[in-house]
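Working through the structure, step by step
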Amino acid sequence: MSASHSAGHEAGTAALRVVVADDDVLLREGLASLLTHAGLHVVGQAGDADELLDIVRRDLPDLAVIDIRMPPNQNSEGLDAASKIRTECPSVSMLLLSAHVEVDHALELLNDADSRGRGASTHRTSGIGYLLKSRVTDVSDFVETLGRIAHGASVIDPALVYELVSARRKDDPLEALSGREREVLTLMAEGLSNAGIGRRLWITEGTVEKHVRSILTKLDLAETADDHRRVRAVIMYLDTV
């Protein structure tokens with residue numbers, strides 16, 4: 001079994017139904033082929049926002065992979081379509097892809113995840129993610145990320161997180177965090193589990209749990225069963241940028 005196919009099974013992605021939306025036909029076809037090879041079921045491909053919405057409304061996939069900039073204006077058509085999907089088909093998880101770090105778009109996603117998290121019921125909440133297209137080069141990691149998003153996680157590209165949490169401001173709400181807690185926070189925002197953070201930082205999962213509790217306490221964020229609290233800690237900082 002290939003690494004990518006194995007990763008798909010480990011992340012629980014093998015049965016996922018996915019739609020891929022990107023106006024670059026070569027990238028779209030390549031991505032669809034990659035996902036199919038990893039064991040996912042690509043139910044449709046779209047070259048623009050209208051086509052994407054038609055497929056989602058008709059087939060109601062588990063996950064939509066969406067380019068932020070699509071025809072006709074190459075502006076935020078993908079993001080606008082994602083907003084409509086969130087309203088009309090709230091069970092559909094979404095991963096938005098971008099060629100460049102776009103802070104405003106990422107902030108919208110984080111705030112959306114935050115508001116959904118605070119109002120979540122006992123039912124599984126759809127996930128949402130923002131990644132740079134360059135991350136797709138690591139196939140096994142990308143497929144694993146899709147699995148986490150499809151199962152309710154919020155995943156933000158580490159390049160964006162690093163850019164924002166590394167800045168220093170007088171009114172930085174993260175000022176109370178230690179260096180290690182900042183590292184843990186960055187990996188939390190990437191969507192890693194406590195076990196994944198522990199492996200990345202070479203510390204035990206128990207130590208990670210202690211850091212997470214400390215971060216949430218220092219930022220006055222109540223600990224709940226909702227996975228989206230793991231990115232809510234970042235929102236406090238993003239709102240001051």
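Residues numbered from 1 in each chain as written. Predicted model: local features only at pLDDT ≥ 70, side-chain atom pairs only at ≥ 80, totals over all residues. Heavy atoms only, no water.

What follows deals with the sheet that holds strand β6 (residues 154-156). The strand order β2-β1-β3-β4-β5-β6 describes an open sheet built from six strands, whose pairing is parallel. Looking along the sheet, the strands with just one partner apiece sit at the ends: β2 (41-46) and β6. Pairwise comparison of adjacent strand axes, ignoring direction, gives a mean angle of 20° for this sheet. One ladder, built from five bridges, connects strand β4 (residues 93-98) with strand β5 (residues 128-132); its direction is parallel. When the sheet's bridge partners are listed, Leu 97 is paired in β5 with Leu 131. Helix-sheet contacts for helix α2 (residues 25-37) involve β1 (17-21), β2, β3 (63-67) and β4, and the interaxial angle to β2 is about 170°. Across the face of the sheet, helix α6 (residues 139-150) comes into contact with β3, β4, β5 and β6 while running at roughly 140° to β4. (Pairing = 2+ DSSP bridges. Helix = DSSP H or I, 4+ residues; strand = E, 2+ residues; numbered from the N terminus. Axes fitted to C-alpha atoms, helices over the stretch in contact; angles between N-to-C directions. Contact = heavy atoms within 4.5 Å.)

Our next topic: the packing of α2 against α6. Describing two packed helices takes the angle between their axes plus the distance from one axis to the other. Packing of α2 against α6 leaves a shortest axis separation of 11 Å and a crossing angle of 80°. With respect to their mutual orientation, α2 and α6 come out roughly perpendicular. When α2 is examined against α6, the residues Leu 31, Leu 34 and Leu 35 are found in contact with a partner set consisting of Val 139, Phe 142, Val 143 and Leu 146. Taken together, the residues of the contact of α2 with α6 break down into seven nonpolar, no polar and no charged. (Parallel < 35°, antiparallel > 145°, perpendicular 65-115°, else oblique. Nonpolar A, V, L, I, M, F, W, Y, C, P; charged D, E, K, R; others polar.)

Bringing the nonpolar core into the picture now. Grouped together as the largest cluster of nonpolar side chains are 25 residues, with contacts concentrated most on Leu 52, Ile 66, Ile 85 and Met 94. Those elements that place two or more of their residues in this core are β1, β2, α3 (49-59), β3, α4 (77-88), β4 and β5. At five residues, the largest contribution of residues to this core is made by α3. In this structure, Val 18, Leu 35, Ala 38 and Leu 131 belong to the second largest nonpolar core, which totals 23 residues. (Core = buried A, V, L, I, M, F, W, Y, C linked by side-chain atoms within 4.5 Å. Buried < 20%, exposed > 50% of the residue type's maximum accessible area, 1.4 Å probe, protein only.)

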